[in-house]
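Next come the chains, spelled out residue by residue.
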Amino acid sequence: MTEPAHPLVDAVKPLVDALGADFVATGEARAEDVVLHWEGDPVVAVRLPHLGAALDRLLAEMVRQFGGPLAELGREDKQRVVRVLEERGAFTIRHGVESVAAALGVSRFTVYNYLNREQSQ
C-alpha cells in the first residue's frame, strides 16, 4: 500500500520500518492490525510482522549498524553484537544462539562464552 500523505504516517514511518511492519489501508485492516487515529479519525493501520522473521530482522539491523557482514567483524565488535542482540531478546527465539553463531562465523560455544562474559561483568 502507498501510505496516505499524513503527518501521523510520516511520524511513525521510521518505527514501522524498524519493526518490519507494513502500513495497510484502514479499509483493509484485519482484527490483529493496529489502527492509528488522528483526532479521533482512523488514518492508517499497521500490520505487525510474523515473529518467525524477527531474528532475521535483528541480524539485518546489526549488519546495517556495524557496516557489513557480521562474520567479518573483529572479536570485540562480535561481542558488542551479542550484547545488543541479548538486550533485544534474540536469544529467547528458538535456535537463536545457533543462528547468531552462524551469522557471526563462530561456534555456539563462542556465543555462549560472550553471553557468560557479559553476565559476569
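Quantities reported herein were computed from a predicted structural model and do not represent experimental measurements. (Residues numbered from 1 in each chain as written. Predicted model: local features only at pLDDT ≥ 70, side-chain atom pairs only at ≥ 80, totals over all residues. Heavy atoms only, no water.)

1. Comments concerning the nonpolar core
Line of reasoning, step 1. Counting residues in hydrophobic clusters, the biggest one holds 20 residues, and the most contacted among them are Val 81, Leu 85, Phe 91, Val 100 and Val 111.
Line of reasoning, step 2. Looking at this core, the elements that each hand over two or more residues are helix H2 (54-66), helix H3 (75-87), helix H4 (96-104) and helix H5 (108-120).
Line of reasoning, step 3. For this core, the element with the highest residue contribution is H2, accounting for five residues.
Line of reasoning, step 4. Grouped together as the second largest cluster of nonpolar side chains are 10 residues, Leu 8, Val 16, Val 43 and Val 44 included. (Core = buried A, V, L, I, M, F, W, Y, C linked by side-chain atoms within 4.5 Å. Buried < 20%, exposed > 50% of the residue type's maximum accessible area, 1.4 Å probe, protein only. Helix = DSSP H or I, 4+ residues; strand = E, 2+ residues; numbered from the N terminus.)

2. Some words on the environment of Ala 54
Line of reasoning, step 1. Relative to the helices and strands, Ala 54 resides in helix H2.
Line of reasoning, step 2. The exposure class assigned to Ala 54 is buried, which follows from its relative accessible area of 15%.
Line of reasoning, step 3. Linking Ala 54 and Leu 19, residues 35 residues apart in sequence, is a C-alpha distance of 8.6 Å.

3. Here we look at a nonpolar patch on the surface
Line of reasoning, step 1. Among the surface-exposed residues, Leu 15, Leu 19, Val 34 and Leu 48 lie close enough to one another that they form a single nonpolar patch of about 350 Å² accessible area.
Line of reasoning, step 2. Structurally, Leu 15 is set in helix H1 (residues 7-19).
Line of reasoning, step 3. Judged by relative accessible area, Leu 15 falls into the exposed class, the value being 52%. (Patch = residues over 30% accessible without salt bridge, like charges linked within 9 Å, V, L, I, M, F, W, Y side chains within 5 Å. Areas by Shrake-Rupley, 256 points an atom, 1.4 Å probe, with all protein chains shown as cover. Salt bridge = Lys/Arg side-chain N within 4 Å of Asp/Glu carboxyl O.)

4. Quick notes on the environment of Ala 101
Line of reasoning, step 1. Tracing the backbone shows Ala 101 in helix H4.
Line of reasoning, step 2. Placed 31 residues apart in sequence, Ala 101 and Leu 70 show a C-alpha to C-alpha distance of 9.8 Å.
Line of reasoning, step 3. Excluding anything up to four places from it in sequence, Ala 101 contacts Val 106, Ser 107, Arg 108 and Val 111. (Contact = heavy atoms within 4.5 Å.)

5. Observations regarding unusual backbone geometry
Line of reasoning, step 1. Although it is not a glycine, Glu 39 sits at a positive phi angle of roughly 50°.
Line of reasoning, step 2. Counting through the fold element by element, Glu 39 comes out in the loop between strand S2 (34-38) and strand S3 (41-47).

6. Overview of the side chain of Gln 79
Line of reasoning, step 1. Assignment of secondary structure puts Gln 79 in helix H3.
Line of reasoning, step 2. Using a relative accessible area of 13% as the deciding quantity, one classes Gln 79 as buried.

7. Examining the confidence of the model for the chain
Line of reasoning, step 1. The predicted model of the chain has a mean per-residue pLDDT of 91, with 94% of residues at 70 or higher.
Line of reasoning, step 2. For the chain, the element scoring lowest by mean pLDDT is H5, at 88; S2 scores highest, at 97. (pLDDT = per-residue confidence, 0-100.)

8. Description of the sheet that holds strand S1 (residues 22-24)
Line of reasoning, step 1. The antiparallel open sheet is built from three strands, whose spatial order is S1-S3-S2. Where the open sheet ends on each side, the last strands, each with one partner, are S1 and S2. With strand direction ignored, the average angle separating the axes of adjacent strands in the sheet is 35°.
Line of reasoning, step 2. Examined bridge by bridge, S1 and S3 share three bridges and lie antiparallel to one another. Looking at S3, one finds that Phe 23 is bridged to Val 46. (Pairing = 2+ DSSP bridges. Axes fitted to C-alpha atoms, helices over the stretch in contact; angles between N-to-C directions.)

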